Amino acid sequence: MIVDDIEETISEYGSAILRKVKGGNYQVLPVNRVYIPKDSRGKCVLGIPVVRDRIVQQMILNILDPYIAPHFSDHSYGFRKGRNAHDAIHQVEAYTNEGVCICREL
């Protein structure tokens, strides 16, 4: 299945998928493995979920996020709504410009 086909698929199978999720009977399909070359060190494996599973993941996140997001640290940037790696870099730059030491001695 490709992303362009999802609207038709949801119309046809959406309620059955939702029943399975609510009933605890939803079965996640194996991820598609893609191997990405990494310099001279070989390859890195990237797991890509099928479209149906990715949509179910996002639906669950949309429901849970308002309950769990307030418990994350303000310093957490990974996989957060409205935050990304660039935001984390900008924050580190701001700390550095303010003279804040963000390193620990080993």
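Okay, so let's go over this structure.

What counts, and at which threshold
- Residues numbered from 1 in each chain as written.
- Predicted model: local features only at pLDDT ≥ 70, side-chain atom pairs only at ≥ 80, totals over all residues.
- Heavy atoms only, no water.
- Phe/Tyr/Trp six-rings, centres within 6.5 Å; stacked < 30°, edge-to-face > 60°.
- Lys NZ or Arg CZ within 6 Å of the ring centre and 35° of its normal.
- Helix = DSSP H or I, 4+ residues; strand = E, 2+ residues; numbered from the N terminus.
- Buried < 20%, exposed > 50% of the residue type's maximum accessible area, 1.4 Å probe, protein only.
- Lys, Arg positive; Asp, Glu negative; His and termini not counted.
- Salt bridge = Lys/Arg side-chain N within 4 Å of Asp/Glu carboxyl O.
- Contact = heavy atoms within 4.5 Å.
- Expected span 1.5 Å × (residues − 1).
- Bend = angle between axes of the 7 residues up to and from the residue.
- Patch = residues over 30% accessible without salt bridge, like charges linked within 9 Å, V, L, I, M, F, W, Y side chains within 5 Å.
- Areas by Shrake-Rupley, 256 points an atom, 1.4 Å probe, with all protein chains shown as cover.
- Charge placed at Lys NZ, Arg CZ, Asp CG, Glu CD.

Enumeration according to the criterion identifies zero aromatic pairs in this entry. When the ring centre of Tyr 77 is taken as reference, the NZ or CZ atom of Arg 83 above it lies at 4.9 Å.

Of note, Asp 65 is situated in helix 2 (residues 51–68). Buried charged residue Asp 65 carries no salt bridge. Nearest counter-charge: Lys 81, at 4.9 Å. Filtering out sequence-adjacent residues up to four positions away, Asp 65 remains in contact with Pro 70 and Lys 81.

Below, the discussion takes up helix 2. With 18 residues, helix 2 ought to run about 26 Å at 1.5 Å a step, and its terminal C-alpha atoms sit 25 Å apart, in line with that. In the structure, helix 2 departs most strongly from a straight axis at Asn 62, where the bend amounts to approximately 35° and where the proline Pro 66 lies between one and four residues downstream. On its buried side, helix 2 packs onto helix 1 (6–23).

Together, Ile 60, Leu 61, Ile 63, Leu 64, Tyr 67, Ile 68 and Phe 72 make up a nonpolar patch on the protein surface, roughly 680 Å² of accessible area in all. Take Ile 63: it is sitting in helix 2. By relative accessible area, which is 58% here, Ile 63 ends up exposed.

Here we come to the environment of Val 51. Its location among the elements puts Val 51 in helix 2. Residue classification places Val 51 among the buried residues on the basis of a relative accessible area of 17%. Taking the C-alpha atoms as reference, Val 51 lies 9.5 Å from Asp 5; in sequence the two are 46 residues apart.

Moving on, we come to the pattern of salt bridges. Two side chains with opposite charge may pair up if their charged atoms get near one another. Inspection of the entire model under this criterion finds one salt bridge. One salt bridge in this structure joins Arg 52 and Asp 53, with 3.2 Å as the shortest N-O distance. You can call Arg 52 partly exposed: its relative accessible area is 24%.

For the rest of this paragraph, the subject is a negative patch on the surface. Residues Asp 4, Asp 5, Glu 8 and Glu 12 make up a contiguous surface patch of negative charge. Summarising the element assignment, Asp 5 is placed in the segment before helix 1. Given a relative accessible area of 38%, Asp 5 falls into the partly exposed group.

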